[in-house]
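Single-letter residue listing:
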Amino acid sequence: MDHIEQAVACALSPTADLALKQQATQYCEQVKASPDGWQSCLALYIREPKSTPETRLFCLQVVEEVLTARSNTLDESRLNYFRQTFMEYIQREFVNGGLDNTLSSEPSYLKNKFAHAVALLFRQTYLKSWTTFFSDMLALITPLPQSSGKSNMKMVDLFLRILMSIDEEVVNTLTSRISSREENTLNINIKDRMREQDIPTLANAWYELLTEYKERSLDFAEMLLRIVGVYVAWIDISLIVNERFVSLIYSFLLTTSIRNAAADCLTDIVKKGMKPLDKLQLISILGIVDVLQQIDLSSDSDFRERVARLVNNLGLQLCQIWQDTNPQASSNYPPTANPTAYTHISHLVPILLQFLKDEDDNVSEAVFGFLRETLNIFKTIKKATGSLPQEQKVLMRQILESIVLKMKYGEDMEWVCVAIAGGSESVGTIGEDSIDDEEMLNFLELRRELKRFYDQIATLSASLTTNFLHSAVTTTLTTFVNEKAAGSAGSSDWRDLELALYLLYLYGEAIKGVPQFAVVSPTPLTPLGECLFEMCKSGVSAYPHPSVSANFFEIACRYSNFFEIRPDCIPDVLEAFVDARGLHHPISANRTRAWYLFWRFTKDLKFKLSPYVQTVLTSIQDVLTVEASLPPMLSPGFDLSTYKDQVFETKIYLFEAVGLLISQDSIPAQQQFEYLSVVVNPFLTVIQKSLEAHQDLELVWTLHHRLMALGSIAKGFPDVLNIKKAAPNAPTAVSGGPCAQIFKQVAEITLVALETLSRFEVIRSAARFTFGRLINCLGQDVQPYLPTLITGLLQECSVMELVEFLPFMGQVAHKFKATIMSILNGLLFPLVQKVFFFLNQVPSGTDEAMALVELRKSYLAFLMGLFSSELENVLITAGNGQHLSLILQSVLHYAQDMSDVPVSRMAFGILLKAVNTWGSQSEKLEAPGFYQFMYEHILRVTFEVPMKPNFDLQDGQSMLVLGEIAGLQKAMVMKQGDVFLTYLSQVYLPSINCPTELAQEYIQALQQLDAKNFKKYFQVRRSDCVQ
């Protein structure tokens, strides 16, 4: 034993030699693993004088290990030895000597560890040799001679810990442990024996101890309540739910220091699994609602939260009983059960509302489950009857009022500009991941939860929600207007205004269908229309708090269709947008969000804004600048192409909005030219100067931003070619007009920047972006610039640039079709060579591998685009025809690669296009070597690919590939006719050992079945053709 003490001390010593610590640790492990090590440790644990706490803890760990992992090595004599030793130690340490109103001097962690060891021994012996376990323990609790009738406090302390450990080892399903079927059966049998033999005695002991320790030690009383709570889940409920026991528990609710435990105990009682009618009877007996109405809940938020959980669980149980006993769901219950359950719910709802409105969010959140299920009951009632009775409508109104009140910002909270909606609607706002204030994050999450309830109520009763919204919004705005008229506009609480506008915004999501603003356009207005009109005309956007103007703009964009009906409100919104409330806001988050929302407002109402364009442009001219900066200290490996400027990424929406405003058809072409000149010329001038200066990284970054800004302005202009198609003789503002001259200057300066700084990826990216927009607004006029652009973009491009360049070229091909043939003819093979160069490289990491996957998709999409744009003949020109086989081989390669099924499908789609285009000898232009390629390779892969082991017919994408393959064979028949069928029957099918009869059947199916039915046939017979 001395060696064990020394080893434990050395292993835990921070100053011991490392080699000695390792030896000591190894020795301790040997003791654990040895067959008799536990005996030495048990003796050392109970020894007098006591060893160090660390050593005794180790000893208990060894004992626990043998009682769990090696319990099969313990025969009856050894288990009896454990029992005798434990009882002797308990007698000595917890019963004999000292006063009974003092606790053992053992540290709590050692008492818990020993109690756990006793519980493990109990589990091994209770059903066999120690059936008197509980009576033995209770006998040690009985009053000592000197105790004046009081129980032995030391022993009570230990016994309660043992009971908690028994729950953990035998009962509690939440305890993390891996149990075999035999162990689960043992646990069930132990519980059954306890219920039959000892639980009634234990329950009586709990009551007696609770009665005693209510006056003697509230800590013990609290532990007893916890024990009752964990055991009540599986014992006879009548042992606890009786007049004397429940009255005692209720009395603890009035004792400040223990009432939390009493509330938790009642919650556990309510949660006990029971049949609906039994649970309904239990709830009636408990009479919790009557008790709660007598309790003071005003001071302690922690207690209110515990009681709220009790109410929540009681409500959930009642709602489940209501659903179970609903006559429409089951007829197995008496007719009084369902209305009785609902009566209990209706009595509980006022307490629910009280907690829902609590100033502590944790208290409110604790009853969310009950609230959700209550609304689900209302939904069930409405579904069954077609409408809600007045009683439920009154309750819903009260719930709605409580929800809305809870949505309000707290007095000590500061507002931040976060997106009301998620996804793309969060552009320009602060992301929640950048908010350090935990209280604010919790509030935002609380609002989301409350919004779900708001939406539920709106679904149940749109009229109730609408009337409430109208009342809440108009009352708040009227108060603001009255205060403004009295010269005290700033006296309104921003929280009230923010809440009113927030509700107005949410309404659009809560009410299903398209929002209606007027009964008969333009008047009279609907309640929603009246709220929006009042918002615009009240001047509330000028309230001096950033939350108000921010919500104002969100609402204006959400309900932009309102301004189609009431264009007289547009100036109110535009004025707010262009001054310090919006685009000039002093707070960055508000300002950037306003840039994005201004673009949305402009895009939605473009044709209503022409009277205000000049005023708007004049007001925002100072904002139409670019400011780019880099971190002050750049790391040696700083990569400009991966650096993000989120502020500018939002500002490009503002530049696009400018293009939308200027390009309106109702504005004369010359006026458009003047507007555009005022915006664009400063950029052209400063870009020209910057290209003549020394080019450091910050200048390059700034130049990137300016090119992007110009491209965004062009993006706001309409697509010239689409206009020409729709109305060939209609004049357009750009093509051939004054604005075209400005955009040509933009194209020229962009090419100069690209030629000068093509070594920078960000410049190549900006040039590609800008020309992608110039293509739309210049139309055919952009073509002379394309060769220089393409050369500059391809000279030094990365894989991902090429991935993005290929769709750009697809856009060019789609736009210009035959007119771009000469440019495309010279570009095609150098572009294909560049693609092959990258695709033949071995990726050095995951990112590169993913980039190459994307490049394959872009390459195939580009080829498919050539066929879709009727430019496939560029592949067979004099310059490119000699490379057709190489291109087709690459497509064939990807068609056979089933590791990426969508890519395989794209490749087969291209082969199908090729066959349909060049598969007949009657075609005007012959594709060099295509017939031979079709017979030797395309036909072959149509049989080989479906036979691959990884071709999964259970996969939807693979079935699409099979459809392409079947269509490909049908196309070859259509194009080649009998020649193909003869080759198939006499050459190819015999070469793959296809039986003659099956070959004839196959050819007949290929001839006679349509594409859909042939696909089904091919799916079934594909494997039979290959022997």
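Residues numbered from 1 in each chain as written. Predicted model: local features only at pLDDT ≥ 70, side-chain atom pairs only at ≥ 80, totals over all residues. Heavy atoms only, no water.

Chemist: Would you mind going over the side chain of Glu305 with me for this structure?
Modeler: The residue Glu305 is located in helix α16 (residues 301-325) in this model. A polar atom in the side chain of Glu305 sits 2.9 Å from the side chain of Arg309. Residue contacts for Glu305: discarding those within four places in its chain leaves Asn362, Val363 and Ala366. (Helix = DSSP H or I, 4+ residues; strand = E, 2+ residues; numbered from the N terminus. Polar contact = N/O pair within 3.5 Å; in protein donor to acceptor, adjacent residues only side chain to side chain. Contact = heavy atoms within 4.5 Å.)

Chemist: What is the right way to look at the confidence of the model for the protein in this model?
Modeler: Detailed reading of the predicted model is not advised wherever pLDDT is low. Mean pLDDT over the protein works out to 89, with 93% of the residues at or above the 70 mark. Mean pLDDT across the secondary structure elements of the protein bottoms out at helix α33 (residues 720-726), with 62, and peaks at helix α27 (residues 570-578), with 97. (pLDDT = per-residue confidence, 0-100.)

Chemist: Would you mind showing me how to read empty space enclosed by the protein here?
Modeler: If a probe as big as a water molecule is rolled over the atoms, it shows which places are left empty. All told, the structure shown has three cavities of 30 Å³ or more when counted by the stated rule. The calculated volume of the largest cavity comes to roughly 60 Å³. Lining the largest cavity are Cys417, Ser549, Ala550, Phe553, Arg581, Gly582, His585, Asn590, Arg593, Ala594 and Leu597. Broken down by secondary-structure element, the contributors of at least two residues to the lining of the largest cavity are α25 (546-558) and α28 (588-604). Here the element with the most residues in the lining of the largest cavity is α28; it accounts for four residues. (1 Å grid on protein atoms, 1.4 Å probe; cavity = no way out; pocket = protein on both sides within 12 Å on 5 of 7 lines; lining within 4 Å. Points joined across faces, edges and corners; volume = space filled by probe spheres on them.)

Chemist: Explanation requested: the environment of Lys279 in the structure shown.
Modeler: Relative to the elements of secondary structure, Lys279 occurs in helix α14 (residues 276-286). Along the primary structure Lys279 and Ile321 are separated by 42 residues, whereas in three dimensions their C-alpha atoms are 8.0 Å apart. One polar contact links the side chain of Lys279 to the main-chain carbonyl oxygen of Lys272, over a distance of 2.7 Å.

Chemist: Help me understand the pattern of salt bridges in this model?
Modeler: Between side chains of opposite charge, pairing is possible as soon as their charged atoms come close. As enumerated under the stated definition, the model contains 41 salt bridges in all. Notably, a salt bridge pairs Asp157 with Lys111, separated by 2.8 Å at the nearest N-O pair. Of the two residues, Asp157 is situated in helix α8 (residues 153-171) and Lys111 in helix α6 (residues 108-125); the sequence distance between them amounts to 46 residues. The exposure class of Asp157 is buried, given its relative accessible area of 2%. By relative accessible area, which is 4% here, Lys111 ends up buried. The salt bridge partner of Asp496 is Lys408, with a shortest N-O separation of 2.6 Å. Taken together, the positions of Asp496 in helix α23 (residues 494-510) and Lys408 in the loop between α20 (390-407) and α21 (438-460) put the pair 88 residues apart, joining distant regions of the chain. Judged by its relative accessible area of 25%, Lys408 is partly exposed. Each of Lys50, Arg56, Glu93 and Glu106 takes part in salt bridges that share partners, so that together they form one network. (Salt bridge = Lys/Arg side-chain N within 4 Å of Asp/Glu carboxyl O. Buried < 20%, exposed > 50% of the residue type's maximum accessible area, 1.4 Å probe, protein only.)

Chemist: Any chance you could explain the side chain of Asp358 here in plain terms?
Modeler: Structurally, Asp358 can be placed in the loop between α17 (337-356) and α18 (361-366). Residue classification places Asp358 among the buried residues on the basis of a relative accessible area of 9%. One polar contact links Asp358 to Arg304, side chain to side chain, over a distance of 2.6 Å.

Chemist: Mind showing me how you'd approach unusual backbone geometry here?
Modeler: Glycine aside, a negative phi is what most residues show, and trans is what most peptide bonds show. A cis amide bond links Glu48 to the next residue, Pro49, at an omega of 0°. Assignment of secondary structure puts Pro49 in the loop between α3 (37-46) and α4 (53-68). For Lys817, which is not a glycine, the phi torsion comes out positive at approximately 45°. By secondary structure assignment, the location of Lys817 is in the loop between α37 (799-816) and α38 (821-839). With a relative accessible area of 27%, Lys817 lands in the partly exposed category.

Chemist: What's the story with a negative patch on the surface in this structure? I'm lost.
Modeler: Residues Glu411, Asp412, Glu414, Asp437, Glu438 and Glu439 make up a contiguous surface patch of negative charge. Looking at the element boundaries, Asp412 is found in the loop between α20 and α21. By relative accessible area, which is 61% here, Asp412 ends up exposed. (Patch = residues over 30% accessible without salt bridge, like charges linked within 9 Å, V, L, I, M, F, W, Y side chains within 5 Å. Areas by Shrake-Rupley, 256 points an atom, 1.4 Å probe, with all protein chains shown as cover. Lys, Arg positive; Asp, Glu negative; His and termini not counted. Charge placed at Lys NZ, Arg CZ, Asp CG, Glu CD.)

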